[in-house]
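Chain residues, written in single-letter form:
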Amino acid sequence: MSASHDPSNPAPRDAPDPSWGDATRAVHAGASAAEGRSVSPPIFQTSTFRFESVEQGAQLSASKAPAHLYTRWGNPTTRQLERACAELEGGEAALCFASGMAAGSSAVLSLLQAGDHVVAADCLYAGMTELFERVLGRFGVATTFVEPSDAHAFERALRPETKLIFVETPANPTLAITDLAEVARIGKAHGAFTLADNTWASPVNTRPLELGIDGVFHSSTKYLNGHTDVIAGCVVGRAEWIERVWSVLKVFGGCPGPHDSWLVLRGLRTLPLRVARQNETALTLARALAAHPAVEVVHYPGLEQHPGHEIARRQMRGFGGMLSFEVQGGLRAGRRVLEALRVATHAVSLGGIETLAVHPASTTHAPLTPEERARGGIGEGLIRVSVGLEDAADLIADFRQALDRAS
Ligand code: PLP
């Protein structure tokens with residue numbers, strides 16, 4: 001029987017409607033005829049694909065990012081995730097990677113060559129600071145780091161050879177807020193590409209492309225997946241640029257495994273629900289922490305006293321699930337707090353269903369020198385919290401009992 005007469009033959013699914021709300025789009029994002037009649041997407045757990053003819057082999061090998069040639073070049077499960085990431089960020093196209101660092105470094109490498117200059121925020125995920133400072137510096141690319149809450153600092157640092165402006169907002173771990181629309185305007189006026197790490201906000205809270213930013217990347221390990229069980233990344237932007245990023249991926253080889261792509265796709269379905277709850281709990285926890293006598297300062301853009309609050313109100317739909325705070329008594333007091341937590345888990349990473357707390361100076365930002373940490377405002381007593389899906393009352397009680405032991 002030919003496929004067209006087979007009653008089980010898959011009919012193509014309707015494309016997701018761009019007018020749908022966030023939760024509806026997340027449930028259907030990436031859907032296409034490729035998954036057939038399976039409601040959950042199939043996992044194409046294969047490294048390679050059979051050619052039906054020599055001509056087909058030649059044609060696929062000459063194409064960009066084919067999904068059915070060889071999994072380093074592309075894979076149907078990963079392609080479905082790529083469509084979903086592009087839809088949620090409001091971009092033309094996306095490319096998925098084996099980690100956030102593979103995504104970020106490939107995005108950056110697609111844009112630069114020896115002699116170019118970068119202007120980057122001075123408070124970033126440490127891996128990106130290392131990339132600019134220690135790796136690209138060796139290949140003739142210079143970077144100037146600027147204070148990210150002053151958008152005009154990016155403008156003042158521009159040189160004729162500046163090709164890239166790189167931001168992360170809210171910034172890791174100080175929650176500094178950068179005015180994305182203003183940075184996008186500065187980049188366009190100068191002819192420099194603007195790239196944002198949108199890991200912390202997630203597309204539920206901020207869509208940098210809608211504010212004029214040229215490209216976005218994520219550590220999908222975090223909110224996009226949301227379940228602390230996969231390392232992954234993605235890059236989103238114009239199709240022509242994504243093709244250039246794919247040329248880097250193909251050579252550097254940072255492709256995701258199909259099963260990991262499936263896990264991220266599954267996590268994405270509940271992204272708006274999770275993030276809405278995390279936004280709410282983080283604000284409640286930030287207020288409770290700010291009222292505790294052992295806390296010197298709480299960094300959370302949802303608090304009126306946060307220096308980036310007004311910009312965050314303009315460019316974020318919610319203030320996010322990340323916060324950090326300084327305990328009176330510095331590192332010693334902070335250590336006591338971390339070791340006394342019972343509901344929150346003491347671990348690196350973020351964006352999952354469980355609340356995680358960490359001391360950035362000795363862990364996530366330990367690869368930086370003390371001077372680099374000081375430049376980014378990362379104090380020795382700073383504790384970073386990724387708020388999960390536990391009850392807010394349990395989290396508040398946990399942090400209170402831990403802070404009571406701080407002194
Ligand atoms: N960007 C941000 C803001 C991060 O927090 C991280 C990881 O912690 C990364 C990028 C790197 O992502 P990955 O660990 O998935 O490589």
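A few points on the structure.

About the criteria used
- Residues numbered from 1 in each chain as written.
- Predicted model: local features only at pLDDT ≥ 70, side-chain atom pairs only at ≥ 80, totals over all residues.
- Heavy atoms only, no water.
- Helix = DSSP H or I, 4+ residues; strand = E, 2+ residues; numbered from the N terminus.
- Buried < 20%, exposed > 50% of the residue type's maximum accessible area, 1.4 Å probe, protein only.
- Polar contact = N/O pair within 3.5 Å; in protein donor to acceptor, adjacent residues only side chain to side chain.
- Contact = heavy atoms within 4.5 Å.
- Expected span 1.5 Å × (residues − 1).
- Near = heavy atom within 4 Å.
- Areas by Shrake-Rupley, 256 points an atom, 1.4 Å probe, with all protein chains shown as cover.
- 1 Å grid on protein atoms, 1.4 Å probe; cavity = no way out; pocket = protein on both sides within 12 Å on 5 of 7 lines; lining within 4 Å.
- Sits in = over half its atoms within 2 Å of the grid points.
- Nonpolar A, V, L, I, M, F, W, Y, C, P; charged D, E, K, R; others polar.
- Points joined across faces, edges and corners; volume = space filled by probe spheres on them.

### Focus: the side chain of S106
Thought 1: Relative to the elements of secondary structure, S106 occurs in helix 4 (residues 100-109).
Thought 2: By relative accessible area, S106 is classed as buried at 6%.
Thought 3: From its side chain, S106 meets the backbone oxygen of A102 in a polar contact 2.7 Å long.
Thought 4: Ignoring anything within four residues of it in the chain, the contact list for S106 reads F97, V245 and V248.

### What about helix 15 (residues 392-404)?
Thought 1: Between the first and last C-alpha of helix 15 there are 18 Å, a value that for 13 residues agrees with the 18 Å anticipated at 1.5 Å per step.
Thought 2: Buried residues of helix 15: L395, I396, D398, F399, Q401, A402 and L403, and no others.
Thought 3: At its buried positions, helix 15 is contacted by helix 11 (271-290), strand 8 (295-299), strand 9 (322-327), helix 13 (330-340) and strand 12 (382-386).

### Some words on the site of the ligand
Thought 1: What surrounds the ligand is a group of 14 residues, the closest being G100, D197, S219, T221 and K222.
Thought 2: Take M101: an N or O atom from its main chain is 2.8 Å from an oxygen atom of the ligand.
Thought 3: Here an oxygen atom of the ligand and a side-chain polar atom of K222 are 2.6 Å apart.
Thought 4: In isolation the ligand has 390 Å² of accessible area, and contact with the protein removes 91% of it.
Thought 5: Cavity membership is defined here by more than half of the atoms lying within 2 Å of grid points; on that basis the ligand lies in the largest pocket.
Thought 6: Of the residues contributing to the shell around the ligand, the split by class is 5 nonpolar, 6 polar and 3 charged.

### Some remarks on empty space enclosed by the protein
Thought 1: Under the counting rule described, the total for this entry stands at 5 cavities of 30 Å³ or more.
Thought 2: In this structure, the largest cavity is lined by 13 residues; those nearest its centre are T71, R72, G74, T78 and E82.
Thought 3: Those elements giving two or more residues to the lining of the largest cavity turn out to be helix 3 (76-89), strand 1 (93-97) and helix 9 (239-252).
Thought 4: Looking at the lining of the largest cavity residue by residue, the class counts come to 7 nonpolar, 4 polar and 2 charged.
Thought 5: Volume-wise, the second largest cavity comes out at about 50 Å³.
Thought 6: Lining the second largest cavity are D22, R25, L88, P203, V204, R207, L271 and P272.
Thought 7: Of the residues contributing to the lining of the second largest cavity, the split by class is 5 nonpolar, no polar and 3 charged.

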